[in-house]
Each structure stands twice: as C-alpha cells, then as structure tokens.
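Listed below are the residues making up each chain.
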There are 2 protein chains.
Amino acid sequence: MFIETKKRSLIKGISWRFLATTTTIIIVYVFFGRLDLAIAAGILESVAKIFLYFFHERIWQKIKFGKQRIEPFNLWFTGLPSSGKSTLADAVFEELNKNDIPLERIDSKDIRDVIPDVGFERADRHRHLTRVGHLIKTLQNNSVSSIASFVSPYSESRQVIKKMTNNYVEIYVKASLDTCKKRDIKGVYKKAESGELKNFTGISDVYEEPKSPHIVIDSDAESIAEATVKIVQFIKKNYLP
Amino acid sequence: MFIETKKRSLIKGISWRFLATTTTIIIVYVFFGRLDLAIAAGILESVAKIFLYFFHERIWQKIKFGKQRIEPFNLWFTGLPSSGKSTLADAVFEELNKNDIPLERIDSKDIRDVIPDVGFERADRHRHLTRVGHLIKTLQNNSVSSIASFVSPYSESRQVIKKMTNNYVEIYVKASLDTCKKRDIKGVYKKAESGELKNFTGISDVYEEPKSPHIVIDSDAESIAEATVKIVQFIKKNYLP
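Residues numbered from 1 in each chain as written. Chains lettered and ligands numbered in written order. Predicted model: local features only at pLDDT ≥ 70, side-chain atom pairs only at ≥ 80, totals over all residues.

> Which parts of the structure should I look at to understand the overall build of chain A?
Each helix and strand in chain A was counted, giving nine helices and seven strands. Radius of gyration (C-alpha) of chain A: 28 Å, far over the 18 Å computed for a compact globule of 241 residues. C-alpha atoms of chain A, sized along the principal axes, occupy 95 × 35 × 30 Å. Looking at chain A as a whole, 32% of its 241 residues qualify as buried. The long-range fraction of contacts in chain A, counting pairs at least 24 apart against all pairs at least 6 apart in sequence, stands at 76%. (Helix = DSSP H or I, 4+ residues; strand = E, 2+ residues; numbered from the N terminus. Rg over C-alpha atoms; globule rule 2.2 N^0.38 Å. Buried ≥ 20, exposed ≤ 12 C-beta atoms within 10 Å, placed from the backbone. Contact = placed C-beta atoms within 7 Å.)

As structure tokens, then:
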C-alpha cells in the first residue's frame, strides 16, 4: 500500500493550477486578442479557484451520497481432501484480486506449515478452525476479505466460523470419493486406507455435508473456469461496490 | 473503510466543472463585458479541461515522486504480569490511531479468551506466540500494523516473532516484582504463590529479560503519559510518513 506525501499533493496541485490557468489565458486571448487582460483574468481565476476548490471539497465531505462501506466477506471452501478446493480457491482469488480490494488467501496447508503440531482429531480440528476464524475476523476488522479453503468436515466447526465472521459465504466443492482418490497427487488416500494416516476425512473420519451452502460446485462435472465465473459473479453481485 | 462509487466521482466531477466554468465565465464577462463571448470561452474551457485533467492524472500516475510505501510495524510489549504492558499499549494505540493508518491492537487476554485451552508451559507458550506471529504477519501483508502485548517471557519466542514479522519494535516494560504484586488486581500473583496457578512468570517460571529492546520503560518511575510520548515519537520518526 502506498500513500501520497504532502509534498506530492502540493506539487501536483500547483502543476494542475498552472496548466489550467495557462489554458484559460490562451482561450481568453484567442477570443479577445488582449494579452494583458487575458493574463489579469488568469491570475484572478487562479486565486479564485484555489479557494473554490477548497470549499468544494469541504462541502463534498458532508455529502454522504455514493460513499459505500467495504463489506469484507469470508469465502469459505469446504469439501473432501483432493476435491479441488485449493485449486478453485486460487483461481477465484486471482480473479477477485483484479478488483483492487484488500484480500487474503488462507489455505489449510499454509497454516499447518506454520504451526505443524495441530492434530486431526475432532477437538484438534475444531480448535484449529476457531483460530482460523479469529484470524479472518481480525482481517475483517481491517477491511480485508478472505478466501479460505479447509476440509472443515464438521458442521459444528463451520457454524463457529459462520458466527465469528461477517458475510460468510459457503462453497461446497462436491466430488465423489472416486474422483478424489484419482486426483490424489500426494498419495494421502492410500496412506489413509493403509491406516498410516488416522482420522482421515472420507476414509476413517466423517465428512458432514453442508446443509445450506451458498454455492455447490460439482467438481466432477464443472470445469475450474465455469466454477470460478459462478463464484466471482456471486461475490461481485453481493459484496463488491 | 469506505470507497467512493463511480456515480459519486462522476457527479462530483460535474459539480466541480460547473462551478469552475461558471467562475471563468463571470471573470471573463467582468473583464470584457461580452456575455456571449464569455459563455463561448467557458464552453471551450470546459471541454479542454476535461481532457487536460485526464492527461494530467495519467502523467502523474507515472511520476514516482512523493509516493511512500506504508511500512507496517509490529510494536511488541513484553514484561512481567501486571507490569503495565496492556495499559501502556492501549494508550499508545489510542494515540497512534489518530494518524489514520491501519492498526490492530492484539492483547494476550483477548486471544486467550477466543482460544482458552492454551497452556502455560514452555512449549504451549511458544506455539501460542508462533500463532500470534502468523496473525501479525498476515495483517502486515495487508498493510496493517499491530500493537501487541504479551508477557512473552522467553527470548526464543520473541526471536521467532522478530523473524516472522517486519519492523519488529520491542518495548520492555520493566517493573519490580513488588510493584507488579501491588498492581495485581486480578489476584493472580497470590494464586501463583499459593501454587493454584502453575508456570507463573516471575514466581514459578522464568522471565528472560530482553537483551536489546528498542525502548525500555521503567514502569516504577515513568508515567503512562511520558512513556506513551516516548514510544509514539519513536514510531512516528521511524515508520510514519
């Protein structure tokens, strides 16, 4: 984020006034052919407009029309491991980032990289998500929206996130277990089936399907591009100015 | 945070152009006494300046002069329980908030309220602070500075925070154990001495004094107001535009 220093604003203001007044002088000279009067009119215009501009700004400060509060949203992707949540969330992030709004991408993997010793049992997952909820809430306090992708298998945890944050938008990335297994690049499903990974959602732990998600993406049938358009349009319609 | 809608910008622009051109017409009329020519000059001026303003803006877009990047800082208060960290951090927050920079206040108590089941053993504290470091870093990614107050008794944890975040400023709030005990409104020192609270910094756990804090506040001798001025001046000098 950049800010404009006072010096820059001042010099930019002077540069505009110089350009604007020179234009007036030229126009008046072309119309009336008197350079002395044209310059005098230009000087008077300069002084008058510096004050006028000031008052114009002050009056507009008081006019509420067209001022829109940014409503930071919390776009939450849930679904089985390897269902395509992260890939889709990345695509949506890239697209929404073009809109020049403060936006943060939060992925399960990144958070678990920073704080590795979080377990996968019900209580661990729940605590972990409460922390993520707090992170998103703190970002929202500072007008930052977020795009989060977490397996988040329990209704209870998703309810907590919903309560903690504003403008919670739930995207259920639906894929059959077979599709997920086929997409399983990291080989986690195999490890889960062999018992090497415990409490693995879809194999040895439950995934509680969302009851009323805002958007359902059928990851078996819809392409990333199609799904991205659908989600971006929903956000644009509801949360972007 | 508010943003200006396109409609507001448009109407504000038209309102200014109307005011500015009317002024030109009046000035030209006063100088030359020809209303028809004055109006013609005004119309020409209007059209010319709409385009000139556009090009003026585009040229300034390319000029880097006076554009300053916001450097989000991480103001970190450390010290014994009841040393006065939170009170001082609150005062500094209130003062710095007047400068219209994105700023978040993070207090140990607030975080532990959200996620209560964090222990006080060395490993628990360390993990907890790593999470706080991640929160601060994510805020900084979005240009938000933070003012954090945590006992943070171990050098090691403070080093981790320092490495994770940018512009780490360490404030050591120094107070004698006696002073802290006197200020102990919540009665935690008594509980620690009776053994009800375990791993209590200053009583049953070590506080490793900061070796090179940026600022040391002698909480026994300096008032909140004095200390606030000292810290705010440091931040203004080093991190505010």
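> Can you help me understand the relation of the copies chain A and chain B in this one?
Between the two copies of the chain lies a rotation about an axis combined with a shift along it. You can overlay chain A on chain B at an RMSD of 0.2 Å; the transform is a turn of 180° with a shift of 0.2 Å along its axis. What the superposition gives is, in effect, a two-fold axis relating one chain to the other. Interface residue correspondence from chain A to chain B reaches 100%, placing this contact among same-surface, isologous pairings. (Least-squares fit on C-alpha atoms with pLDDT ≥ 70 in both.)

> Would you mind going over the sheet that holds strand β7 (residues 215-218) of chain A with me for this structure?
Residues and elements named next belong to chain A. In spatial order, the strands read β4-β5-β3-β6-β7; together these five strands make up an open sheet with parallel pairing. Both edges of this open sheet fall to β4 (103-107) and β7, since each of them pairs with a single strand only. The sheet shows a mean angle of 15° between the axes of neighbouring strands, direction not considered. In terms of strand pairing, strand β3 (residues 74-78) meets strand β6 (residues 168-174) through five bridges, oriented parallel. Considered in β6, the bridge of asparagine 74 is made with tyrosine 168. (Pairing = 2+ DSSP bridges. Axes fitted to C-alpha atoms, helices over the stretch in contact; angles between N-to-C directions.)

> Whenever I open this one, the packing of helix α1 (residues 6-32) of chain A against helix α2 (residues 35-62) of chain B confuses me. Can you help?
Between two packed helices, the angle of one axis relative to the other and the distance separating the axes together describe the packing. At a minimum axis separation of 10 Å, α1 of chain A and α2 of chain B run at an interaxial angle of 150°. Of the possible angle classes, the one that applies to α1 of chain A and α2 of chain B is roughly antiparallel. As for how α1 of chain A packs across α2 of chain B, the hand of that crossing is right-handed. Residues Lys12, Trp16, Leu19, Ala20, Thr23, Thr24, Ile27, Val28, Phe31 and Phe32 of chain A of α1 of chain A form the contact with α2 of chain B, whose own contacting residues are Leu37, Ala40, Ala41, Leu44, Glu45, Ala48, Lys49, Leu52, His56 and Trp60 of chain B. For the contact of α1 of chain A with α2 of chain B, a count of residues per class yields 14 nonpolar, three polar and three charged. (Parallel < 35°, antiparallel > 145°, perpendicular 65-115°, else oblique. Left-handed = near helix turned anticlockwise from the far one by under 90°. Nonpolar A, V, L, I, M, F, W, Y, C, P; charged D, E, K, R; others polar.)

> Any chance you could explain the confidence of the model for chain A here in plain terms?
Detailed conclusions should not be drawn from predicted coordinates in areas where pLDDT is low. The share of residues in chain A with pLDDT of 70 or more is 99%, and the mean pLDDT across the chain is 90. If you check the scores for this complex, the pTM reads 0.83 and the ipTM reads 0.80. (pLDDT = per-residue confidence, 0-100.)

> Whenever I open this one, the domain arrangement of chain A confuses me. Can you help?
Where the parts come together, the accessible area they lose is often given as the size of the interface. The domains assigned to chain A are domain 1 (12-62) and domain 2 (74-239). A separation of 57 Å is found between the C-alpha centroids of domain 1 of chain A and domain 2 of chain A. (Domains from an automatic or database assignment.)

> What is the right way to read the environment of leucine 80 of chain A from this model?
For leucine 80 of chain A, the position within the fold is in the loop between β3 and α3 (85-96). Residue contacts for leucine 80 of chain A: discarding those within four places in its chain leaves Val151, Ala175, Leu177, Cys180, Thr201, Gly202 and Tyr207 of chain A.

> Which parts of the structure should I look at to understand the interface of chain A and chain B?
On the chain B side, the residues contacting the 50 residues of chain A number 50 residues. Among the elements that take part in the side of chain A that touches chain B, α1 of chain A stands out by supplying twelve residues, more than any other. Among the residues making up the side of chain A that touches chain B, the classes are represented as 26 nonpolar, twelve polar and twelve charged. In this sheet, strand β1 (residues 2-4) of chain B lies alongside strand β2 (residues 67-69) of chain A in antiparallel orientation, the contact comprising three bridges. Residue pairing for β1 of chain B: lysine 67 of chain A is matched across the bridge by glutamate 4 of chain B.

> Help me understand the nonpolar core in this model?
Nonpolar side chains in soluble globular proteins generally cluster together in the buried interior. Core analysis: the largest hydrophobic core is formed by 70 residues, its most contacted members being Leu75, Ala148 and Ile171 of chain A together with Leu75, Ala148 and Ile171 of chain B. Apart from residues lying up to four places away in sequence, isoleucine 171 of chain A is in contact with Leu75, Trp76, Phe77, Pro213, His214, Ile215, Ile217 and Ile231 of chain A. Formed by ten residues, the second largest nonpolar core is a distinct cluster that contains Val28, Ala38 and Ala41 of chain A together with Ile25 of chain B. (Core = buried A, V, L, I, M, F, W, Y, C linked by C-beta atoms within 7 Å.)

> Is there a simple way to think about helix α1 (residues 6-32) of chain B in this case?
Residues that lie three or four places apart on an α-helix share one face, since the helix turns once every 3.6 residues. Its 27 residues place the ends of α1 of chain B 39 Å apart at the C-alpha level, agreeing with the 39 Å of an ideal helix rising 1.5 Å per residue. Close packing links the buried residues of α1 of chain B with α1 and α2 (35-62) of chain A together with α2 of chain B. At the exit of α1 of chain B stands glycine 33 of chain B, carrying a positive phi of roughly 70°. (Expected span 1.5 Å × (residues − 1).)

> Looking at this structure, I do not really get the sheet that holds strand β3 (residues 74-78) of chain B. What am I missing?
The strands that make up a sheet pair up through hydrogen bonds in the backbone, lying either parallel or antiparallel. All names here are of chain B. Ordered by their spatial adjacency, five strands build an open sheet running β4-β5-β3-β6-β7, and the pairing between neighbours is parallel. Each edge of the open sheet is held by one strand with a lone partner, namely β4 (103-107) and β7 (215-218). Sheet twist, expressed as the average angle between the axes of neighbouring strands with direction ignored, equals 15°. Pairing of β4 with strand β5 (residues 145-149) involves five bridges; the strand directions are parallel. Each bridged residue has a counterpart across the sheet, and for aspartate 107 the counterpart in β5 is serine 149.

> It is not clear to me how unusual backbone geometry should be interpreted in this structure. Could you clarify?
Negative phi characterises most residues that are not glycine, and trans characterises most peptide bonds. Phi is positive for serine 82 of chain A, which is not a glycine, with a value near 65°. A positive phi angle, close to 50°, is found at asparagine 199 of chain B, a residue other than glycine. For asparagine 199 of chain B, the position within the fold is in the loop between α8 (188-193) and β7.

> Can you help me understand the pairing of strand β6 (residues 168-174) of chain B in this one?
The side chains of a regular strand alternate between both faces of the sheet. Residues and elements named next belong to chain B. Most of β6 sits out of view: six of its seven residues are buried. Examined bridge by bridge, β6 and β7 share four bridges and lie parallel to one another. Bridge pairing in β7 places lysine 174 opposite aspartate 218.

> Honestly, the environment of tyrosine 189 of chain B in this entry has me stumped. Any pointers?
Residue and element names in this part refer to chain B. The residue tyrosine 189 is located in helix α8 in this model. The buried category is assigned to tyrosine 189, around which 21 C-beta atoms lie within 10 Å. Measuring from C-alpha to C-alpha, the distance between tyrosine 189 and isoleucine 39 comes to 81 Å, with 150 residues separating the pair along the chain. Other than its neighbours up to four places away in sequence, tyrosine 189 contacts Cys180, Lys181, Asp184 and Ile203.

> Looking at this model, I keep getting lost on α3 of chain A. Mind explaining?
Residue and element names in this part refer to chain A. Between its first and last C-alpha atoms α3 spans 16 Å; for twelve residues at 1.5 Å apiece the expected length is 16 Å, and the two agree. Within α3, the full set of buried residues consists of Lys85, Leu88, Ala89, Val92 and Leu96. Down the axis of α3, the sector holding all buried residues measures 100°, keeping them to one side. Looking at the packing, one finds that the buried side of α3 touches β3, β4, β5 (145-149), β6, β7 and α9 (224-239). (Arc of directions from axis to C-beta.)

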